[in-house]
Amino acid sequence: MDDSEKLLAIKQELEQIGDKLGKLFPPNHPQFDDVFEDLGAVGYYIQESLYRLKAAIKTVQGDGDAEVE
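Since the model is a prediction, treat every value here as computed from it, not as a measurement.

Draft legend 1. Expanded view of the overall build of the chain. Helix and strand content of the chain: 2 helices and 0 strands. Its C-alpha radius of gyration of 15 Å places the chain more than 25% over the 11 Å reference for a compact globule of 69 residues. Projecting the C-alpha coordinates of the chain onto the three principal axes gives extents of approximately 45 × 25 × 15 Å. A total of 69 residues make up the chain; the buried ones form 17% of that total. When contacts within the chain are restricted to residue pairs at least 6 apart in sequence, those whose partners lie at least 24 apart make up 59%. By element, 52% of the accessible surface of the chain is carried by carbon and sulfur atoms, the whole surface being about 5400 Å². Taken together, the 7 basic and 15 acidic charged side chains of the chain have centroids lying 5 Å from each other.

Next comes the structure, spelled out in structure tokens:
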């Protein structure tokens, strides 16, 4: 398994964690209001991590500029 494959695996794991959190605390969950701010922060940082991982994957694969759309 090369570096880009390892980074892709991490990216997939983070996406799965985000999905699990959304399923665990849907908007109709009785404690949703209590955890909304924290879950929002987690979601933000997961998305930011995914963005950075995509850039790292492009760099490792030698796709030139590390900028990601």
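Draft legend 2. Summary view of the nonpolar core. L7, L14, I46, L50, L53 and I57 form the largest nonpolar core, which has 6 residues in total. Every element with two or more residues in this core is listed here: helix 1 (3-24) and helix 2 (32-60). With 4 residues, the top contributor of residues to this core is helix 2. Contacts of L50, omitting those with residues within four sequence positions, involve K11, L14 and E15.

Draft legend 3. View of helix 1. When the terminal C-alpha atoms of helix 1 are compared, their 31 Å separation across 22 residues agrees well with the 32 Å that a helix rising 1.5 Å per residue should span. If you check which residues of helix 1 are buried, you get S4, L7, K11 and L14. For helix 1, the buried positions fall inside an angular range of 80° around the axis, keeping them on one side. Across helix 1 from its buried face, at more than 90 degrees, point the exposed residues K20 and K23.

Draft legend 4. Geometry of the pattern of salt bridges. Tallying each qualifying case throughout the model produces 2 salt bridges. Among the ionic pairs, K11 bridges to E15, the shortest N-O distance being 3.0 Å. Within this pair, K11 and its partner E15 are both found in helix 1, separated by 4 residues, close to a single helical turn. Across the salt bridge formed by R52 and E48, the nearest N and O atoms sit 3.0 Å from each other. A residue pair is termed a helical-turn pair when its members lie 3 or 4 positions apart in one helix, as R52 and E48 do in helix 2 at 4 residues. In this structure E48 comes out as partly exposed when scored by relative accessible area, which is 26%.

Cut-offs applied
- Residues numbered from 1 in each chain as written.
- Predicted model: local features only at pLDDT ≥ 70, side-chain atom pairs only at ≥ 80, totals over all residues.
- Heavy atoms only, no water.
- Helix = DSSP H or I, 4+ residues; strand = E, 2+ residues; numbered from the N terminus.
- Rg over C-alpha atoms; globule rule 2.2 N^0.38 Å.
- Buried < 20%, exposed > 50% of the residue type's maximum accessible area, 1.4 Å probe, protein only.
- Contact = heavy atoms within 4.5 Å.
- Areas by Shrake-Rupley, 256 points an atom, 1.4 Å probe, with all protein chains shown as cover.
- Lys, Arg positive; Asp, Glu negative; His and termini not counted.
- Charge placed at Lys NZ, Arg CZ, Asp CG, Glu CD.
- Core = buried A, V, L, I, M, F, W, Y, C linked by side-chain atoms within 4.5 Å.
- Expected span 1.5 Å × (residues − 1).
- Arc of directions from axis to C-beta.
- Salt bridge = Lys/Arg side-chain N within 4 Å of Asp/Glu carboxyl O.

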